[in-house]
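The lines below spell out each chain.
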There are 2 protein chains.
Amino acid sequence: MDERRTAAIFKAFCDENRIRIIKLLRSGEKCACKLLEEIHVTQPTLSHHMKILCDAEIVVGRKEGKWIHYSISEKGVEQAKECLRQLTTLDINGKNGPCREK
Amino acid sequence: MDERRTAAIFKAFCDENRIRIIKLLRSGEKCACKLLEEIHVTQPTLSHHMKILCDAEIVVGRKEGKWIHYSISEKGVEQAKECLRQLTTLDINGKNGPCREK
DNA sequence: AAAATATATTGACAATTTTCTATATGATGC
DNA sequence: GCATCATATAGAAAATTGTCAATATATTTT
């Protein structure tokens, strides 16, 4: 995975309001208006955060009439975990050996 | 874990240059000057990124003479993984039930 | 002690992100 | 159709972050 996509995934988790939104979604699907009651931002600001979360594929929206029900995307979360794993597991046989001073 | 700390941990992973730095450290400990050769930023900028990575405890620095050898902190990485897990696992028995329209 | 090397800090500027107000779109109900 | 409700978009302001040049600190070398 490229650095740009990796950054986008973790950007989902690096704003305090988005973290609160994700926490609210842990207990199940919620519509934007319900989230708006809990998160103290204006409606357009919430909409902006939901877009970032959806673009990162951490959250998915299900449209039903005039509502959008948001929920945590199990698939997206697995991708984030896998991404974190790949980024942080030591690569013993990598091309770059340890740093030796010249 | 509070939202502030959670955000700080994931901020480590949401800048493309920091992601490159972490990738370089996968193959083992490297001194800042070595990292500087690979990442195309000035020395103060690299220093700034290393501070963010160390504050988030994803990376640790080991001082040896005038060098600082940076490496991925296994402990910090485990904390990040645990944090991601806690944040994203569904909470079936949580206090907030599913969203029901009024 | 002076020069050289590695890294950190300061302060300014640029880029990006978060937030808001105002307005638009799209769906439902009268 | 018109009013209402839920969400999105546009555009601007505020806050935060990333970057650099200049300078400081700490260590080693001569």
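Keep in mind that what you see is a predicted model, and the values were worked out from it rather than measured. (Residues numbered from 1 in each chain as written. Chains lettered and ligands numbered in written order. Predicted model: local features only at pLDDT ≥ 70, side-chain atom pairs only at ≥ 80, totals over all residues. Heavy atoms only, no water.)

Draft legend 1. Up close: the protein's contact with DNA strand C. Thr-45 and His-49 of chain A together with Cys-33, Gln-43 and Ser-47 of chain B are the nearest of the 23 residues found near DNA strand C. In the interface set of DNA strand C, defined as its atoms within 4 Å of the protein, sugar plus phosphate atoms amount to 65%. Residue Asn-17 of chain A places a side-chain N or O atom 2.9 Å away from a phosphate oxygen belonging to DNA strand C. Here Ile-68 of chain B contributes a backbone N or O atom positioned 3.1 Å from a phosphate oxygen of DNA strand C. (Near = heavy atom within 4 Å. Polar contact = N/O pair within 3.5 Å; in protein donor to acceptor, adjacent residues only side chain to side chain.)

Draft legend 2. Region of the structure containing the protein's contact with DNA strand D. For DNA strand D, the set of nearby residues contains 24 residues, the closest of which are Cys-33, Gln-43 and Ser-47 of chain A together with Lys-11 and His-49 of chain B. A distance of 2.8 Å is found between a phosphate oxygen of DNA strand D and a backbone nitrogen or oxygen belonging to Cys-33 of chain A. Residue Lys-66 of chain A places a main-chain N or O atom 3.3 Å away from a sugar or linking oxygen belonging to DNA strand D. Looking at the surface near DNA strand D, the elements that each hand over two or more residues are helix H3 (32-38), helix H4 (43-55) and strand E3 (67-72) of chain A together with helix H2 (16-25) and helix H4 (43-55) of chain B. No other element matches the five residues that H4 of chain B contributes to the surface near DNA strand D. A per-class count over the surface near DNA strand D returns 10 nonpolar, eight polar and six charged. (Helix = DSSP H or I, 4+ residues; strand = E, 2+ residues; numbered from the N terminus. Nonpolar A, V, L, I, M, F, W, Y, C, P; charged D, E, K, R; others polar.)

Draft legend 3. Local environment of the relation of the copies chain A and chain B. Least-squares fitting of chain A to chain B yields an RMSD of 0.0 Å, with the superposition described by an axial translation of 0.0 Å and a rotation of 180°. Considering both components of the superposition, the chain copies are consistent with a two-fold axis. When each C-alpha of chain A is compared by its distance to the rotation axis, Phe-10 of chain A comes out closest, at 3.0 Å. An overlap of 100% is found between the interface residues of chain A and their copies at the interface of chain B, pointing to a shared contact surface. (Least-squares fit on C-alpha atoms with pLDDT ≥ 70 in both. Contact = heavy atoms within 4.5 Å.)

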